[in-house]
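Structural overview for review
Now for the letters of each chain:
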Amino acid sequence: MKQQTKKRTLSDLMGDSSSLLTVIGALLVEIVVFAILSPNFLTVINFKNIGLYAAIVGCVSCSVTLVNISGMIDISVGSQIAVVGMVAALVSGAGGNWVGTTAASLAVGVTLGAINGFFITVLKLNAFITTIATMQSFRGLAFLLSDGMSLTISDSAFKFIGRGYILGIPMSLIIMLVCYLVFHFISKYTVLGRNVYMIGGNPQASFLAGINVNSLRFKLYLINGLMCGVSGVLLASQTGAGIPNAAANYNMTALSAVILGGAALTGGKGTILGTFLGSMVLAVLQNGMNMMSVGAYWQDIIIGAVLILSISIDAIKGGSLKRKL
Amino acid sequence: MKKLIALLLTLLLLAGLAACAKPAAEQPAPAEQTTTTEQTTTTEQAPADETPTEEKKTVKLGLANINEKATFGKLVKMGFEDACAARGWELVYVDNNSDGAQAVQNAEILVQQGVDFIVDLNIDQSVAGTIVDIVSAANIPMVCVDIAMGDTPFFGVDSDKVGRMAGEYSVNWVNENWGGEVDYIVCFTAIASGDEVQKRARSAVEVMQNSDIKIGDTVEIEYQNDTAVAQQRFADFLTAHPDAHKIVCYGINEFAGTGAIAAGETAGRTDDFALFTCGVGSQFVEPLYEVQGNSPWKTAVAAFPELYGDQLCDIIENYFNGVPLEPLMPCKLVCVDWSNITEYYPLDDLPWKKLS
């Protein structure tokens, strides 16, 4: 009896501890390997660098985690980020200050999220198909906004958001950490967070229990749009430009981080801490390989292999080899 | 409620379609007519019976553009429209949309439209043979632009030459500013664009390696034609090489340059590298004006896509006057830097600003 109580307490502390331990292990192995292979890897400046460049995908991965836990999906995030980046460049180019540019960008992000949410929750369209369609449309919109041209951003105050440092810490890293703390709090300690897990685990039962499933899903897409706005602002401010074909691979990177962190695409499972660790695993891996000048194609192969390996370890620990189906 | 939503969506769709249609007000002056079909835009001169004596001089030119979504394609289109209008020619326009299958279909369309001459910008070399077969079967002369298509006369950027120009410029710069020494050469590649295009950076590396410059090491960074990727990978490179203060970077286009500059600015190491790229557009010119030339981006080799139309129409005009087409017809190339930027890209007359 005592032992059971102890187990429960540990489980409560760790959440999906099995997945978290796997991803923590992967992160430690990476750090040790790269520290041995690359003399400049284990430096403060490099870890700041990792945080700075991981922030763009890291921020949107927070909300993608909640969307996935709720049993839904959004593969249009890359296109949403591109649209937001273009809007930021347009507003900044029209003379908007950094506050106006950021506000307009976030508003556009929320609007794009609302469009996804409308089709998925009001018209009850399949989330995967809907976001494939909006991925296309939003990308087209990104091109349309500037007639296909890249737009440079010269406002140094706006560029500070992505490139600046506060007390030696990259601003974008601070923004990412704040986002993770907020999302961790929401998912763990609010009714909304608990309901997200419930509707992901069993939407029918949640509905019968009185949860407004559609309304909650709509809110999640709004939040996801907002986070696309944050990532879009970070991207535009880091590159100093609005680029219509930017962020093309961010959907997959964000989903990879979420899955590495232990979330199930079927819903009901996953943690914000797991996603944070997942995105760090990917960022450290990419950074280490870049520092060692590993070829781009090898990088793709290795990142895919790490993803498969992590999921396999998790699945085996969960008894997948013993199951007949 | 359901009916109302269905009705609203239908109205939205119709409104969207109406908004996408070209408004009548945008049509050209009465002398010219523009008809837009699914894939073809035809700019027609005044009816032939009104100007019977000039009928022989009028050329019906078919242009299959590379991809109208990108600035490059827009500038090419604008240049051809202006050049044809100036000569009183009819331009039959199609967009290959960077798609081989579309390029084959477009070749058929241009043949069916009965054009006198075809200019083709096709990105997919695997369909080049098919396009050449279609056009030669119709006995229509053709020039391919920027990407070779078998034995078809070629006009445009000689990638090797562009790379060599950037290389020679950088060798002089390093000799003048870094005492003939370089810690690293970084070559930004985007392999998916094809081997030929990589020469715009790799030939520059070759020139530097064959010069008397003392070189530490050479590294290739694949940036997948994505500014953010270029930025991140170059930032990691800078972190991995904290003691490198003389880094020469070459890139095939502006995306690599913008990414490298952003990485250097974020890392506070803009003095540690010098950048030499190909292609001139807003990302090179506008920031250079902003910092009054005080940038690690030393030069970009301009190919002036907005002038392709004028240069090619001259060639076509000569062809119809009996001058045969050369197998290789290079376009105008210039190393643009702070010393000559006002000559080629004056701030008040930037070609991309004319695009609507």
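Everything below is about the structure shown above.
Below you will find a few notes about this structure. These figures come from a predicted structure and were not determined experimentally.

Here we come to the interface of chain A and chain B. With 35 residues of chain A in contact, the opposing surface of chain B contributes 37 residues. Carbon and sulfur atoms supply 53% of the area buried between chain A and chain B, which totals about 3100 Å² over both sides. Across the chain A-chain B interface, the total number found is 2 salt bridges. One salt bridge in this structure joins K74 of chain B and D147 of chain A, with 3.2 Å as the shortest N-O distance. Viewed at the interface, chain B and chain A are joined by 13 residue pairs in polar contact (both at pLDDT 80 or more). Mapped by element, the contributors of at least two residues to the side of chain A that touches chain B are α3 (44-69), α5 (98-122), α11 (213-239), α13 (272-291) and α14 (296-317) of chain A. At 5 residues, α3 of chain A tops the list of elements feeding residues into the side of chain A that touches chain B. Each residue belonging to the side of chain A that touches chain B can be placed in one class, and the counts come to 16 nonpolar, 16 polar and 3 charged.

A word on the nonpolar core. L61, V119, F188, F234 and Y345 of chain B are the most contacted members of the largest nonpolar core, which totals 179 residues. Among the elements that make up this core, the one with the highest residue count is α3 of chain A (14 residues). Taken domain by domain, this core gets at least three of its residues from each of domain 1 (29-156 + 306-325) and domain 2 (159-302 + 335-354) of chain B. Every residue in contact with F234 of chain B, bar those within four places of it in the chain, is listed here: V186, F188, I221, C249, A260, A263 and F273 of chain B. Residues V115, I118, M149 and F154 of chain B belong to the second largest nonpolar core, which totals 20 residues.

By the burial criterion, the buried members of helix α7 (residues 156-163) of chain A are F158, K159, I161, G162 and R163 of chain A. Where α7 of chain A starts, the residue carrying a side-chain oxygen 3.0 Å from the main-chain nitrogen of A157 of chain A turns out to be D155 of chain A.

All names here are of chain B. The tally for this structure, following the rule as stated, stands at 14 salt bridges over all chains. D310 is paired through a salt bridge with R87; the nearest N and O atoms lie 3.2 Å apart. Of this pair, D310 sits in helix α10 (residues 308-320) while R87 sits in helix α2 (residues 71-87), and the two are 223 residues apart along the sequence. For D310, a relative accessible area of 38% gives the class partly exposed. With its nearest N and O atoms 2.8 Å apart, the salt bridge here joins R164 to E206. Of the two residues, R164 sits in helix α5 (residues 159-177) while E206 sits in helix α6 (residues 195-209), which places them 42 residues apart along the sequence. The network of salt bridges with common partners includes R87, D310, D314 and E317.

So, on to empty space enclosed by the protein. This structure, assessed with the given rule, holds 2 cavities of 30 Å³ or more. Looking at the largest cavity, its volume works out to about 70 Å³. Forming the walls of the largest cavity are 15 residues, and the residues nearest its centre are L235, A241, G242, I243 and A246 of chain A. Put simply, the parts of the chain that give the lining of the largest cavity at least two residues each are α4 (77-93), α11 and β4 (241-242) of chain A together with α7 (227-240) of chain B. Around the second largest cavity sit N49, I50, Y53, A54, A283 and N287 of chain A together with Q232 and D236 of chain B, which together line it. Going through the elements one at a time, α3 and α13 of chain A together with α7 of chain B are the ones with two or more residues in the lining of the second largest cavity. In terms of residue count, the dominant contributor to the lining of the second largest cavity is α3 of chain A (4 residues). Its residues assigned to classes, the lining of the second largest cavity shows 4 nonpolar, 3 polar and 1 charged.

Residue and element names in this part refer to chain B. Spatial ordering of the open sheet is given by β9-β8-β10-β11-β12-β14, a layout of 6 strands whose pairing is mixed. At either margin of the open sheet sits one strand with a lone partner, and together these are β9 (214-222) and β14 (334-336). With strand direction ignored, the average angle separating the axes of adjacent strands in the sheet is 20 degrees. Across 8 bridges, the pairing between strand β8 (residues 181-189) and β9 is parallel. Bridge assignment links F188 to a residue of β9, and that residue is I221.

Turning our attention to the packing of aromatic side chains. Residues and elements named next belong to chain B. Inspection of every chain in the model, using the stated rule, returns 24 aromatic pairs over all chains. Centre to centre, the rings of F188 and Y223 are 6.0 Å apart; their planes meet at 85 degrees, and the pair counts as edge-to-face. Residue F188 is found in strand β8, and its partner Y223 is found in the loop between β9 and α7; the two are separated by 35 residues along the sequence. For the pair F188 and Y223, a shared accessibility class is recorded, and that class is buried. Here K77 stacks its cationic end above the ring of Y93, 4.5 Å away from the centre of that ring. Sitting above the plane of the W89 ring, R87 keeps its charged end 5.9 Å from the centroid.

Each value, and the rule that gives it
Residues numbered from 1 in each chain as written. Chains lettered and ligands numbered in written order. Predicted model: local features only at pLDDT ≥ 70, side-chain atom pairs only at ≥ 80, totals over all residues. Heavy atoms only, no water. Contact = heavy atoms within 4.5 Å. Buried area = accessible area lost by both parts, 1.4 Å probe. Salt bridge = Lys/Arg side-chain N within 4 Å of Asp/Glu carboxyl O. Polar contact = N/O pair within 3.5 Å; in protein donor to acceptor, adjacent residues only side chain to side chain. Helix = DSSP H or I, 4+ residues; strand = E, 2+ residues; numbered from the N terminus. Nonpolar A, V, L, I, M, F, W, Y, C, P; charged D, E, K, R; others polar. Core = buried A, V, L, I, M, F, W, Y, C linked by side-chain atoms within 4.5 Å. Buried < 20%, exposed > 50% of the residue type's maximum accessible area, 1.4 Å probe, protein only. Domains from an automatic or database assignment. 1 Å grid on protein atoms, 1.4 Å probe; cavity = no way out; pocket = protein on both sides within 12 Å on 5 of 7 lines; lining within 4 Å. Points joined across faces, edges and corners; volume = space filled by probe spheres on them. Pairing = 2+ DSSP bridges. Axes fitted to C-alpha atoms, helices over the stretch in contact; angles between N-to-C directions. Phe/Tyr/Trp six-rings, centres within 6.5 Å; stacked < 30°, edge-to-face > 60°. Lys NZ or Arg CZ within 6 Å of the ring centre and 35° of its normal.

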